[in-house]
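# Examining the three-dimensional arrangement
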Amino acid sequence: MNKFLNISYGAVQGFYWMYFAVIISFASAFLLDRGYSNSQIGFILAFANILAVLIQPILADIADRSKKLSLVSVLGVMGAGLIIGTGSLYFMDYKSILLTSVFVLTGALQISLQPLINSIAFHFSKAGSYINFGATRSVGSVAYAFISSILGFLVLRFGTRTIPLTGVVVIMLLMTALFLTDKLFKKNLTLHIPDQSLDDSKEDATITLLQFMKRNKIFVVLTFGIMLVFFQNAVINNFLIQILRNIGGDSSQMGRLFSFMALLEMPGLFFFSKLRTKFRSQTMLKISSIAFIGKVFFTYLAPSVGFVYLAFLFQLISFPLFLSSAVHLADEVMEKGEAVKGQSLVTGMMTLSGVFASLLGGAVLDIGGPSQLLLISTGLAVVGTFSIFLTVNKV
């Protein structure tokens with residue numbers, strides 16, 4: 001039963017990251033085509049991230065403390081909102097307040113899904129249904145690679161209206177996979193652990209978000225370093241089309257580069273559980289931070305699209321180890337009732353990096369261009385890595 005549960009949860013991760021590619025990675029292509037400037041796109045993405053930062057801890061608190069609403073129920077409600085929001089984007093062809101508002105709300109909900117989807121794996125595992133997070137998350141990378149390549153071609157061939165159309169299909173598949181996963185989990189629970197349920201683990205989850213932050217001050221400081229390192233990741237995700245156009249690239253090449261990055265993530269994600277037996281999460285967080293510096297710095301030096309492929313080779317150890325070790329570290333050091341909040345804080349700081357990357361990135365692109373933005377991103381990654389080195393072993 002655990003095998004089928006892992007397959008089903010892998011599908012959840014796969015469809016989530018496909019949807020991420022549609023809404024976030026192709027956001028610039030969609031909005032540029034509707035008359036938005038780089039700065040305006042930056043503000044839209046920033047507001048989406050800000051709203052997500054506000055939403056995430058609230059949802060995490062509900063998921064941790066509520067005895068009536070499960071994680072899957074919360075995600076189901078969010079999914080319904082995403083179907084409506086994404087579908088409405090298909091009918092909006094020009095820059096407007098309505099388009100801006102809908103995109104901000106849709107982006108915020110999409111970003112807010114991530115910590116809750118990640119938390120499902122740990123909730124299920126603690127209730128006796130083991131989820132291999134690294135392996136299932138690697139399915140997300142495969143799916144991201146697939147949709148990025150296909151969507152890059154579709155946009156070049158048929159236009160940007162294919163972006164929201166693809167998004168509606170993907171989010172519906174995500175909700176289907178999510179409810180199937182929940183059904184398999186409950187069946188497994190009934191067969192093997194009849195007296196335990198997912199919600200029972202919430203009885204001791206009474207700590208508030210403020211209490212959590214007071215009790216885990218060093219962990220909170222660590223997440224600021226994570227935010228600075230992840231800044232460059234948000235810059236590349238949000239503005240890769242602008243970076244590539246500066247050196248002669250197009251949307252099709254952007255899609256292939258996103259696919260290339262995602263495929264490089266697979267080994268690190270798939271074998272992360274084995275790496276954990278040899279290296280501590282703290283060690284892998286340090287190593288991956290250094291790799292992120294290499295990735296953004298060599299992208300800054302790139303004179304052509306071909307050289308960007310070489311720079312993105314750092315993705316082999318940067319993103320998969322950084323994401324997985326950060327999530328696992330939160331689960332390892334948090335006490336009962338704190339896990340979702342810890343993971344939400346990590347994801348929230350990554351989201352906050354998206355706020356700064358969007359605001360600063362759009363403005364810098366209009367004023368100084370892609371090269372200056374990449375240089376700033378390199379500097380922040382260095383500062384963030386230094387911060388992580390100082391604090392991670394004290395958590």
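For the structure, check the block above.
Quick look at the structure, then. (Residues numbered from 1 in each chain as written. Predicted model: local features only at pLDDT ≥ 70, side-chain atom pairs only at ≥ 80, totals over all residues. Heavy atoms only, no water.)

To continue, consider the overall build of the protein. The secondary structure content of the protein amounts to 16 helices and 0 strands. Counting every position in the protein, which comprises 395 residues, the buried fraction comes to 59%. Intrachain contacts of the protein at a sequence separation of at least 6 include 86% that bridge at least 24 residues. Of the roughly 15500 Å² that the protein leaves accessible, carbon and sulfur atoms contribute 70%. (Helix = DSSP H or I, 4+ residues; strand = E, 2+ residues; numbered from the N terminus. Buried < 20%, exposed > 50% of the residue type's maximum accessible area, 1.4 Å probe, protein only. Contact = heavy atoms within 4.5 Å. Areas by Shrake-Rupley, 256 points an atom, 1.4 Å probe, with all protein chains shown as cover.)

It is worth spelling out a nonpolar patch on the surface at this point. Side chains of Phe43, Phe47, Ile50 and Leu54 sit close together on the surface and give an oily, nonpolar patch of about 380 Å² of accessible area. Following the sequence through the fold, Ile50 ends up in helix 3 (residues 38-65). For Ile50, a relative accessible area of 33% puts it in the partly exposed group. (Patch = residues over 30% accessible without salt bridge, like charges linked within 9 Å, V, L, I, M, F, W, Y side chains within 5 Å. Salt bridge = Lys/Arg side-chain N within 4 Å of Asp/Glu carboxyl O.)

Relative to each other, helix 9 (residues 217-245) and helix 10 (residues 251-270) sit at 140°, their axes nearing to 9 Å. Viewed along their axes, helix 9 and helix 10 adopt a mutual orientation that is oblique. The way helix 9 lies across helix 10 gives a crossing that is right-handed. Residues Ile236, Asn237, Leu240, Ile241 and Leu244 of helix 9 form the contact with helix 10, whose own contacting residues are Ser251, Gln253, Met254, Leu257, Phe258 and Met261. Counted by class, the contact of helix 9 with helix 10 contains 8 nonpolar, 3 polar and no charged residues. (Axes fitted to C-alpha atoms, helices over the stretch in contact; angles between N-to-C directions. Parallel < 35°, antiparallel > 145°, perpendicular 65-115°, else oblique. Left-handed = near helix turned anticlockwise from the far one by under 90°. Nonpolar A, V, L, I, M, F, W, Y, C, P; charged D, E, K, R; others polar.)

Within the fold, Gln242 resides in helix 9. According to the relative accessible area criterion, Gln242 is buried, its value standing at 9%. Polar side-chain contacts of Gln242 include one of 3.5 Å to the side chain of Ser28. With residues near it in sequence (within four places) discarded, Gln242 still touches Ser28, Leu32, Asn38, Ile41, Leu365 and Pro370. (Polar contact = N/O pair within 3.5 Å; in protein donor to acceptor, adjacent residues only side chain to side chain.)

The final tally for this structure, using the stated rule, is 3 salt bridges. Linking Arg34 and Asp33 is a salt bridge whose minimum nitrogen-to-oxygen distance equals 3.4 Å. A relative accessible area of 5% places Arg34 in the buried class. Close ionic contact of Asp93 with Arg34 constitutes a salt bridge, the shortest N to O distance being 4.0 Å. Residue Asp93 is located in the loop between helix 4 (71-89) and helix 5 (97-126), and its partner Arg34 is located in the loop between helix 2 (27-32) and helix 3; the two are separated by 59 residues in the primary sequence. Via salt bridges that share partners, Asp33, Arg34, Asp93 and Arg161 belong to a single interconnected network.

What follows covers the packing of aromatic side chains. Evaluation of the coordinates by the stated rule reveals 18 aromatic pairs. Centre to centre, the rings of Phe230 and Phe322 are 5.7 Å apart; their planes meet at 15°, and the pair counts as stacked. With Phe230 in helix 9 and Phe322 in helix 14 (residues 319-333), this residue pair connects regions lying 92 residues apart in the sequence. The pair formed by Phe230 and Phe322 is uniform in burial state, with each residue classed as buried. In textbook terms, an aromatic cluster arises when at least three aromatic residues are bridged by ring pairs, as seen for Tyr16, Trp17, Phe20, Phe26, Tyr144, Phe230, Phe258, Phe292, Phe319 and Phe322. Residue placement shows Arg34 over the ring face of Phe30; its charged tip is 3.9 Å from the ring centre. Above the plane of the ring of Tyr90 lies Arg161, whose end atom (NZ or CZ) is 4.2 Å from the centre. (Phe/Tyr/Trp six-rings, centres within 6.5 Å; stacked < 30°, edge-to-face > 60°. Lys NZ or Arg CZ within 6 Å of the ring centre and 35° of its normal.)

Along the chain, Val170 falls in helix 7 (residues 162-192). Residue classification places Val170 among the buried positions, given a relative accessible area of 3%. Here the alpha-carbon distance between Val170 and Ile147, two residues 23 residues apart in the chain, equals 9.7 Å.

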